Amino acid sequence: MINKKVFNKTKSSLIKINIAVVLSFLILFSIFIYAYFKGVTYKSIDNKLNNELESIAIQLTRQSMVYPVTKYPSNMIYIYKRDRVMYYTPQNGYFSDVLPNRYTNKLNDIFTFSENGYTFRELNVEIDEYQIQIIRNIDSEISSLRQLIFVFIIGILISLVITYYLAVYLTKKALIPIETAWNNQAKFIQDASHELRTPISIISSKLERMLKHPNSTISDEVETIADAMSEIRRSKKMISDLLSLTKEEAITKLNITEVNIKNFIKDICVDYVDIADIQEKRFEMNFNLKNETIFTDENKLRQLLLIFIDNAFKYTKENDFIAININQKDNVYTEIFIIDSGVGIKQEDIPYIFDRFFRSENVRDKDIEGSGIGLSIAKMIAINLGAEISVKCENNKTEFKIIIQNNKCDKIT
């Protein structure tokens, strides 16, 4: 089974990564929105200051005595002629003195300054012999920007709480296939070890028995040697099946070719006709085809069919029948049925027959050789081919069905 400590550590890391990504995005998004609104706010204030300046400049050229009319009542205007005050707007107690400080080092510039706890935006311009100060209190705008920051902070905190629960949920969902694969791998190793342990134990016991009788001849130990060789062959077959299964799991690209399905099936079954005669079994092929050409990986399809046909012969006895039926639906897909009247499959075992090392009790009781890997390989081949396989069994009549698409395409798994 999966190591819970490692699994929980991985889960925790994924949750932290998800939260960090979302937090980074929210912070960057908030900074961008804040900078945008701050820029828009200050630009609006500066436009009003510049518009006010244009209006005053026009009035200065038309009147000898300056009593300017302000465009924006919120603006405070101070006009100096050399060092003499020509005009000023009552400042409502913003400044300690009647007149604000004059920033002669910031002529023809717009800047922000603070005084007496208030914040101002000032345009300080010199026109001919006049120096004009246009000042606007921006505390309300700054307050709005601070409220925006507060809203962002609250929004980020709420989003983090929501993100945490979403991250936990999504991480659990994302780790399900990993946990399943991990458990399957662990189960596979356990099952493989268990299946290989039996023949190794038998071989070991046979060899120990021979060591106890060093004077025995080969003729004396022929039965022991035969048993050991049988177990060696069984182990080699199991290892070969395991390598085939691993190879199928690593398939990335198929070799799609044009295949005449009728000739292809006949070529596969030609040897089985003789085997059926020797074993006194009935073997037949039936074709119902509109178009004999399909596009698939010929070698993989051959391997897939051989697994099912071999099983059909393995699990049938004398006078049983085996049939290969080929049917075509609207020239879209081809159905291949492998039917036999052998030992059958229990209904409760059908969901598990494609699992690695699974063998039903009625098969084990009959002492029929097999590793329980063949159908697992068949399932993996079918996945690689993009084919569908299904099975049903009624009254010991077992039917495996393979559905293959007829269209030509590059199938990549």
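Scroll up to find the structure.
Below: a short report on this structure. (Residues numbered from 1 in each chain as written. Predicted model: local features only at pLDDT ≥ 70, side-chain atom pairs only at ≥ 80, totals over all residues. Heavy atoms only, no water.)

A closer look at helix 4 (residues 261-278)
Moving on, step 1. The terminal C-alpha atoms of helix 4 lie 27 Å apart, and with 18 residues this matches the ideal 26 Å at 1.5 Å per residue to within 8%.
Moving on, step 2. At Cys 269, helix 4 shows its largest kink, close to 40°.
Moving on, step 3. Taken as a whole, helix 4 has its buried residues at Ile 261, Phe 264, Ile 265, Ile 268, Cys 269, Tyr 272 and Ala 276.
Moving on, step 4. As for helix 4, its buried residues are in contact with strand 6 (257-260), strand 7 (282-288), strand 8 (293-296), helix 5 (298-314), strand 9 (321-329) and strand 10 (333-340).
Moving on, step 5. The residue sitting at the N-terminus of helix 4 and contributing the capping side-chain oxygen is Asn 260; that oxygen lies 3.2 Å from the backbone nitrogen of Lys 262.
Moving on, step 6. Downstream of helix 4 by a residue or two, Glu 280 has a phi angle that is positive, lying close to 60°. (Helix = DSSP H or I, 4+ residues; strand = E, 2+ residues; numbered from the N terminus. Expected span 1.5 Å × (residues − 1). Bend = angle between axes of the 7 residues up to and from the residue. Buried < 20%, exposed > 50% of the residue type's maximum accessible area, 1.4 Å probe, protein only. Contact = heavy atoms within 4.5 Å. Polar contact = N/O pair within 3.5 Å; in protein donor to acceptor, adjacent residues only side chain to side chain.)

Observations regarding the side chain of Ser 341
Moving on, step 1. Among the secondary structure elements, Ser 341 is positioned in the loop between strand 10 and helix 6 (361-365).
Moving on, step 2. A distance of 3.0 Å separates a polar atom in the side chain of Ser 341 from the backbone nitrogen of Phe 321.

Describing helix 7 (residues 374-385)
Moving on, step 1. Across its twelve residues, helix 7 extends 16 Å between first and last C-alpha, which sits within 8% of the 16 Å expected from 1.5 Å per residue.
Moving on, step 2. For helix 7, the tally of buried residues reaches nine of twelve residues, placing the bulk of the element in the interior.
Moving on, step 3. By the burial criterion, the buried members of helix 7 are Leu 375, Ser 376, Ile 377, Ala 378, Met 380, Ile 381, Ala 382, Asn 384 and Leu 385.
Moving on, step 4. A positive phi of about 75° marks Gly 386, the residue just after helix 7.

Re the packing of helix 5 against helix 7
Moving on, step 1. Running from N to C, helix 5 and helix 7 cross one another at 150°; their axes reach a closest spacing of 9 Å. When the axes of helix 5 and helix 7 are compared, the pair comes out roughly antiparallel. As helix 5 runs across helix 7, the sense of the crossing is left-handed. From helix 5, Lys 300, Leu 301, Gln 303, Leu 304, Ile 307, Phe 308 and Asn 311 reach across to helix 7, where they touch Gly 374, Leu 375, Ile 377, Ala 378, Ile 381 and Leu 385.
Moving on, step 2. Looking at the contact of helix 5 with helix 7 residue by residue, the classes come out as nine nonpolar, three polar and one charged. (Axes fitted to C-alpha atoms, helices over the stretch in contact; angles between N-to-C directions. Parallel < 35°, antiparallel > 145°, perpendicular 65-115°, else oblique. Left-handed = near helix turned anticlockwise from the far one by under 90°. Nonpolar A, V, L, I, M, F, W, Y, C, P; charged D, E, K, R; others polar.)

Thoughts on the sheet that holds strand 9
Moving on, step 1. Pairing is mixed across the open sheet formed by five strands, whose spatial order is 7-9-10-12-11. This sheet does not close on itself; its edge strands, each paired only once, are strand 7 and strand 11 (388-394). Pairwise comparison of adjacent strand axes, ignoring direction, gives a mean angle of 15° for this sheet.
Moving on, step 2. Here strand 10 pairs with strand 12 (residues 397-405) via eight bridges, running antiparallel. By the bridge assignment, Ile 338 is partnered in strand 12 with Phe 400.
Moving on, step 3. Most of the contacts of helix 4 go to strand 7, to which it runs at about 170°, and overall it touches strand 7, strand 9 and strand 10.
Moving on, step 4. Together, strand 7, strand 9, strand 10, strand 11 and strand 12 form the strand contacts of helix 5, whose direction differs from that of strand 10 by roughly 20°. (Pairing = 2+ DSSP bridges.)

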